[in-house]
Amino acid sequence: MIKLFFVCTLALCAMLIPTRIVQAATVELPQPEREGTLTVERTIEDRRSVRSYVPGSLALEEVGQLLWSAQGITEERRGFRAAPSAGALYPLTLYLVAGEVEGLEAGVWRYLPAQHAIERVVAGDVRENLSNAALRQDSLASAQVTLAIAADYDITAMRYGPRAERYVHIEVGHVGQNIYLQAESLGLGTVAIGAFDDNAVAGVLGIPENESPLYLMPVGLKAGSGE
């Protein structure tokens, strides 16, 4: 009888103690939209660099759309992506620094283009640490998310030798402009940031040694017009 009471008490306690559901290490993203409400001409005209953001959260659909516009698969058979790449080698890796996204835990996530999914690299909100690694730029701390673009130069160098660095840098520019235009079409603001401590950023984001961080693009709810 005593044993039964003890078991029941434990069960009752377990019901009363709130449990924290840990998100899976890989999260599938909502399918991206292929037809927007703004023309490409209007997004080009309206695009500005925005460094100030207001509090709030982004939807997971918006985050997925941004990631797809940067490195998503646009041609399934040959695996072509949203941004052009020399020799279709795709040396870039896209990381999502999530702070305030509905339905997604804060942390650093790596984008998986083939699956249109993200996998966790670092748990927890690292936005303040990322800001410190980038000369304490406030936009990285206040934006709901940051898209970080890193490159493995060796992937391109295997075919193009010493011109690989040039080709990779051209490619990251293509990706950055895609993010700018997609953010504008979603009513969000972003800015391309290249001023940061490479090693510090790599450490904060868990970027492996074979990759070099090239761009940080905070994305958030606009606080005002940009430049």
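Our subject is the structure that appears above.
Residues numbered from 1 in each chain as written. Predicted model: local features only at pLDDT ≥ 70, side-chain atom pairs only at ≥ 80, totals over all residues. Heavy atoms only, no water.

(A) Representation of the overall build of the protein within the structure. The helix and strand tally for the protein stands at eight helices and nine strands. Within the protein, the fraction of its 227 residues that count as buried is 43%. Of the roughly 12,100 Å² of accessible surface on the protein, 54% is carried by carbon and sulfur atoms. (Helix = DSSP H or I, 4+ residues; strand = E, 2+ residues; numbered from the N terminus. Buried < 20%, exposed > 50% of the residue type's maximum accessible area, 1.4 Å probe, protein only. Areas by Shrake-Rupley, 256 points an atom, 1.4 Å probe, with all protein chains shown as cover.)

(B) Highlighting the nonpolar core. By size, the foremost hydrophobic cluster in this structure holds 55 residues, and its most contacted members are Leu-67, Leu-96, Leu-104, Ile-118, Leu-147, Leu-205 and Leu-216. If you list the elements that add at least two residues to this core, you get α3 (60-71), β4 (92-98), β5 (107-112), α4 (127-133), β7 (145-151), α7 (164-185), α8 (198-205) and β9 (212-221). (Core = buried A, V, L, I, M, F, W, Y, C linked by side-chain atoms within 4.5 Å.)

(C) Structural view of the packing of aromatic side chains. One pass over the structure, following the stated rule, counts one aromatic pair. Pairing Tyr-160 with Tyr-167 gives two aromatic rings, centres 5.1 Å apart and planes at 85°, and the pair type is edge-to-face. (Phe/Tyr/Trp six-rings, centres within 6.5 Å; stacked < 30°, edge-to-face > 60°.)

(D) Broad picture of the layout of surface pockets. Space inside the largest pocket adds up to approximately 540 Å³. Lining the largest pocket are 23 residues, with Glu-33, Gly-36, Gln-65, Gln-182 and Ser-185 sitting closest to its centre. Looking at the lining of the largest pocket, the elements that each hand over two or more residues are α2 (40-46), α3 and α7. Here the lining of the largest pocket takes five residues from α3, the largest share from any one element. (1 Å grid on protein atoms, 1.4 Å probe; cavity = no way out; pocket = protein on both sides within 12 Å on 5 of 7 lines; lining within 4 Å. Points joined across faces, edges and corners; volume = space filled by probe spheres on them.)

(E) Geometry of unusual backbone geometry. With phi around 55°, Tyr-90 is a residue other than glycine that occupies positive phi space. Residue placement: Tyr-90 occurs in the loop between β3 (80-81) and β4. Under the relative-accessibility criterion, Tyr-90 is labelled buried at 12%. The backbone phi angle of Leu-135 is positive, close to 60°, even though this residue is not glycine. Within the fold, Leu-135 resides in the loop between α4 and α5 (138-142). Residue classification places Leu-135 among the exposed positions, given a relative accessible area of 62%.

(F) Just the pattern of salt bridges, in detail. Scanning the entire structure with this criterion turns up seven salt bridges. Between Glu-100 and Arg-127 there is a salt bridge, with the nearest N and O atoms lying 3.1 Å from each other. With Glu-100 in the loop between β4 and β5 and Arg-127 in helix α4, this pair connects stretches of sequence that are 27 residues apart. According to the relative accessible area criterion, Arg-127 is buried, its value standing at 10%. Where Arg-120 meets Glu-105, a salt bridge forms, and the shortest distance between an N and an O atom there is 2.9 Å. Separated by 15 residues along the polypeptide, Arg-120 in strand β6 (residues 117-123) and Glu-105 in the loop between β4 and β5 bring together distant segments of the chain. Several salt bridges share partner residues, and in doing so they unite Glu-100, Asp-125 and Arg-127 into one network. (Salt bridge = Lys/Arg side-chain N within 4 Å of Asp/Glu carboxyl O.)

(G) Seen up close, α8. Along α8, the residues that are buried comprise Val-201, Ala-202, Val-204 and Leu-205. Looking straight down α8, one finds its buried side chains confined to an arc of 165°; they lie on one side. What points out from α8, more than 90 degrees from its buried face, is the exposed set Asn-199 and Gly-203. Of the surrounding elements, those touching the buried residues of α8 are β4, β5, β6, α4, β7 and β9. Sitting at the head of α8, Asp-197 places a side-chain oxygen 3.1 Å from the backbone nitrogen of Asn-199. (Arc of directions from axis to C-beta. Contact = heavy atoms within 4.5 Å. Polar contact = N/O pair within 3.5 Å; in protein donor to acceptor, adjacent residues only side chain to side chain.)

(H) Looking closely at the sheet that holds strand β1 (residues 26-28). Ordered by their spatial adjacency, seven strands build an open sheet running β1-β6-β5-β4-β7-β9-β8, and the pairing between neighbours is antiparallel. The open sheet is flanked by β1 and β8 (188-190), the only strands paired with a single partner. Sheet twist, expressed as the mean angle between neighbouring strand axes with direction ignored, is 30°. When β4 meets β5, the two strands line up antiparallel, connected through four bridges. Its bridge partner being in β5, Ala-98 is matched across the sheet by Gly-107. This element, α3, spans β4, β5, β6, β7, β8 and β9 of the sheet and lies at about 165° to β4. Contacts between α8 and the sheet are confined to β4, β5, β6, β7 and β9, with β9 contributing the most and set at about 65° to the helix. (Pairing = 2+ DSSP bridges. Axes fitted to C-alpha atoms, helices over the stretch in contact; angles between N-to-C directions.)

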